[in-house]
Amino acid sequence: MSSTPVDVDHPTPKQKSEAIELLRAKLSDEVNNYCSDLDVWRFSVARQLDAEKAATMLNGWYEWRKSANIDDLPVAQAENNFPVPYPIRGYYSVADANLTAGTQVSEVQLKLNKTFGGGCWHKRDKDGHPVYIERAGRYLMKDISKLSTMGGLFEFHFLMQEFINRTIFPECSQLAGREISQQVVVFDLAGISIGMLSHIPALNMLREMLSKDQLYYPECMYRTYIVNAPSMFVTAWKMIRSWLDPRVISKIHILSKDHTGELLKQIPAANLPSFLGGNCRCSHMPGGCVPSVPLNNYPDLPRRAYVSLRHQVQVSYAHPRHSFVYDVAPTDPDAVASASPISSPLMGYASWLGIKRDSSKPTSPSGQSNPKTRYVYMRFTADRGRGIVIEVLWRPHGVEASERDEGVLVYPEVLFDPQRAPVLIEIEAPNRSGQLIFNWRIANFDESQAPFPDPEEAQVPIQLEYSIDLEEDLVGEFSLPPIKHD
């Protein structure tokens, strides 16, 4: 290889190919046939282009993958129906989703989801990298080590790593028109306490996880931002950075309290959640941009909540649509009389509905901040298919369908993958007497990346099951804490 210093972040094509060729020359045919050029380049960079050290590292990675059956993990991709391992927003290979208790979701995933602060792959940055956001300050650190073993944590973590490598990176590469193999990470430490930073069992788990990432998934991070870090984090950071490779440390940026400006240099405002200073709210999903069980910002339903749902229907490619009318009665008739009509970017004809958002009003017992609206939840599943599109309309009682084109759109069309795992959606409806009209349809050919069924398979009906509940009824039935809506 040339003696000219190589900038590994911006190598010339010749420098990159020479490094790959040099490392491949030190690998067996078996390992060479298994590895992509991207794999070889990553490990070469991780060992500063030292081919001997990189070969040792890469051989260890290969043996680990084979002994741990990593290639057999149920990784959600467009061509299968495996559930996503963690919440996701804004990608097309799989539909937006939260982690719900489907039959293919392990108990380990569900337990850890209750203790994690809340995380989400949330759209892309300005350069096309996927963005992962973690509410790290909300972790229930003591519960992690109680509810999971190290093996269980690794199983969950490796599934997430495989998902981003096999599903998200290829999609981002296709959209960018170039290779994307690194992600931008935002750790939000709001809410962190000294007890969390000093809990030894959980810190030991973190250290082991970081060690595995650096061994088996090197060079997958483009940049990491740590925001809302209190002064006490300095001590913890001194310990954590001792576990990290210097190249990894160089990519980590601990931002000041005024972090929004720095984040917006990397991430478009439309792709950055509002709680981090952006404009995105992901209002079509329970929990918004980053659902969090510890924050109670969405209903974390048990597995039994998705079994034996009230309504069962069949749809097919010959008859792809289904509708259901759900009657809503106001909880407070006086609230209807005092409603003030204003415009709303989410709902057409908002002045006709009389909806007014006012976050300054005291919250109700259910956690709602606006007595003039109420929340309705729909759970639904499908036994097969390539996605279901949902829209919801609102029609006040006493208004004929023909007067307003059957109703006002309160939930625009969204594609979901109920064939992967159960779906829960949240509808904000006016607190007045009326009807919600739920419309389902099978995804059109160009709306889903899932393979289109062959003619024989297309004849098999899709079994759709669903239940619709007012928030207070759902919370009561499954003994949930109050939902805190943003």
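Let us look at the structure shown here. Residue positions within a chain follow its written sequence, with the count starting from 1. Note on the predicted model: pLDDT of at least 70 is required for a residue's local features to be given, and 80 or more for side-chain atom pairs to be given and counted; whole-chain, interface and lining totals, by contrast, use all residues. Side-chain metrics rest on all non-hydrogen atoms present in the structure, leaving aside hydrogens and water.

1. Here's the deal with the pattern of salt bridges
Phase 1: Within this document, salt bridges are pairs made up of a side-chain nitrogen of Lys or Arg and a carboxyl oxygen of Asp or Glu, the two lying within 4 Å of each other. Within the structure shown, the criterion is met by 21 salt bridges.
Phase 2: Salt-bridge contacts for Lys-16 lead to Glu-179; the nearest nitrogen and oxygen are separated by 3.5 Å. Residue Lys-16 is found in helix H1 (residues 13-24), and its partner Glu-179 is found in the loop between helix H7 (150-176) and strand E4 (183-188); the two are separated by 163 residues along the sequence.
Phase 3: Note on Lys-16: relative accessible area 26%, which makes it partly exposed. Under the DSSP-based scheme used, a helix requires at least four consecutive residues in state H or I and a strand at least two consecutive residues in state E, with every element numbered from the N terminus. For every residue, the accessible area obtained with a 1.4 Å probe (protein chains only) is divided by the maximum for its type, and the residue is called buried under 20%, exposed over 50%, and partly exposed between those limits.

2. With respect to the nonpolar core
Phase 1: Formed by 73 residues in total, the largest nonpolar core has its most connected members in Leu-58, Ile-88, Trp-121 and Phe-163.
Phase 2: With 11 residues, H7 is the largest single contributor of residues to this core.
Phase 3: If near-sequence neighbours (up to four positions away) are discounted, Leu-58 is found in contact with Leu-23, Leu-27, Val-31, Cys-35, Asp-39, Val-40 and Phe-43.
Phase 4: As used in this record, nonpolar core signifies buried Ala, Val, Leu, Ile, Met, Phe, Trp, Tyr and Cys residues forming a set joined through side-chain atoms within 4.5 Å. Core analysis: the second largest hydrophobic core is formed by 30 residues, Tyr-326, Val-392, Val-423 and Tyr-466 among them. Note on contacts: a residue pair qualifies if any of its non-hydrogen atoms lie within 4.5 Å across the two residues.

3. With respect to the side chain of Thr-100
Phase 1: If you trace the backbone, Thr-100 turns up in the loop between strand E1 (88-89) and helix H5 (107-115).
Phase 2: A distance of 2.6 Å separates a polar side-chain atom of Thr-100 from the backbone oxygen of Pro-422.
Phase 3: If sequence neighbours within four positions are ignored, Thr-100 has contacts with Val-105, Leu-110, Tyr-306, Ala-421 and Pro-422. Nitrogen and oxygen atoms within 3.5 Å of one another constitute a polar contact, given that in protein one can donate a hydrogen and the other can accept it, and given that sequence-neighbouring residues count only through two side-chain atoms.

4. Some words on the sheet that holds strand E12 (residues 423-430)
Phase 1: Pairing between two strands is assigned when DSSP locates at least 2 bridges connecting them. Taken together, 4 strands build an open sheet; the order of strands is E7-E14-E9-E12 and the sheet is antiparallel. Here the strands that pair on one side only, and so sit at the sheet edges, are strand E7 (311-315) and E12. Ignoring strand direction, the axes of neighbouring strands in this sheet form an average angle of 30°.
Phase 2: Where strand E9 (residues 373-382) and strand E14 (residues 462-470) come together, 7 bridges link them in antiparallel fashion. Considered in E14, the bridge of Phe-380 is made with Tyr-466. The convention used is that axes are lines fitted to C-alpha atoms, helices contributing only their stretch in contact, and that angles between N-to-C directions extend from 0 to 180 degrees.

5. Quick notes on the environment of Val-94
Phase 1: Structurally, the position occupied by Val-94 is in the loop between E1 and H5.
Phase 2: Separated by 321 residues in the primary sequence, Val-94 and Leu-415 place their C-alpha atoms 9.4 Å from one another.
Phase 3: Sequence-distant contacts of Val-94, that is, excluding residues within four places in its chain, are made with Ala-76, Val-84, Ile-88, Phe-163, Asp-417 and Arg-420.

6. Observations regarding the packing of aromatic side chains
Phase 1: Between rings of Phe, Tyr and Trp, where Trp is taken as its six-membered ring, a pair exists when centres lie within 6.5 Å; planes separated by under 30 degrees are stacked, by over 60 edge-to-face, and by other angles tilted. Under the counting rule described, the total for this entry stands at 21 aromatic pairs.
Phase 2: An angle of 50° between the planes, with centres 5.2 Å apart, marks the rings of Phe-43 and Trp-61 as tilted. On the criterion of sequence distance, the pair formed by Phe-43 in helix H3 (residues 37-46) and Trp-61 in helix H4 (residues 51-67) is long-range, its members being 18 residues apart.
Phase 3: Overall, the relative accessible area of 2% leaves Phe-43 in the buried class.
Phase 4: Overall, the relative accessible area of 5% leaves Trp-61 in the buried class.
Phase 5: Aromatic pair Phe-158 and Tyr-217: ring centres 6.3 Å apart, planes at 35°, arrangement tilted. Of this pair, Phe-158 sits in helix H7 while Tyr-217 is found in the loop between helix H9 (200-216) and strand E5 (221-227), placing the two residues 59 residues apart along the sequence.
Phase 6: A network of ring pairs unites the aromatic residues Trp-64, Phe-154, Phe-158, Tyr-216 and Tyr-217 as a single cluster.
Phase 7: Here, over-ring charges are defined by two tests on the NZ atom of lysine or the CZ atom of arginine: distance to the ring centre within 6 Å, and angle to the ring normal within 35 degrees. Above the face of the Tyr-91 ring, Arg-124 is positioned so that its terminal group lies 5.3 Å from the ring centre.
Phase 8: Above the face of the Phe-275 ring, Arg-135 is positioned so that its terminal group lies 3.9 Å from the ring centre.

7. Observations regarding the packing of H3 against H4
Phase 1: The contact between H3 and H4 brings their axes to 8 Å, and the two run at 130°. In terms of axis orientation, H3 runs oblique to H4. Considering the relative orientation of H3 and H4, their crossing is right-handed. Residues Asp-39, Val-40, Phe-43, Ser-44 and Ala-46 of H3 lie in contact with H4, whose contacting residues are Ala-54, Met-57, Leu-58 and Trp-61. Here roughly perpendicular refers to angles of 65 to 115 degrees, roughly parallel to angles under 35, roughly antiparallel to angles over 145, and oblique to all remaining angles. Crossings are sorted by hand: turned counterclockwise from the far helix by less than a right angle, the near helix makes the crossing left-handed, and turned clockwise it makes it right-handed.

8. Observations regarding the pairing of strand E3 (residues 130-134)
Phase 1: The buried count for E3 comes to 5 of 5 residues, which makes it a mostly enclosed element.
Phase 2: In this structure, strand E2 (residues 119-124) lies alongside E3, joined through 4 bridges in antiparallel fashion. Within E3, the position partnered with Cys-120 by the bridge is Ile-133.
Phase 3: Where E2 folds back onto E3 in an antiparallel hairpin, the turn is made up of 5 residues, including Gly-128, whose phi is positive at roughly 95°.
Phase 4: In terms of strand pairing, E3 meets E4 through 4 bridges, oriented parallel. Residue Val-131 lies in a different strand from E4, and its bridge partner there is Val-184.

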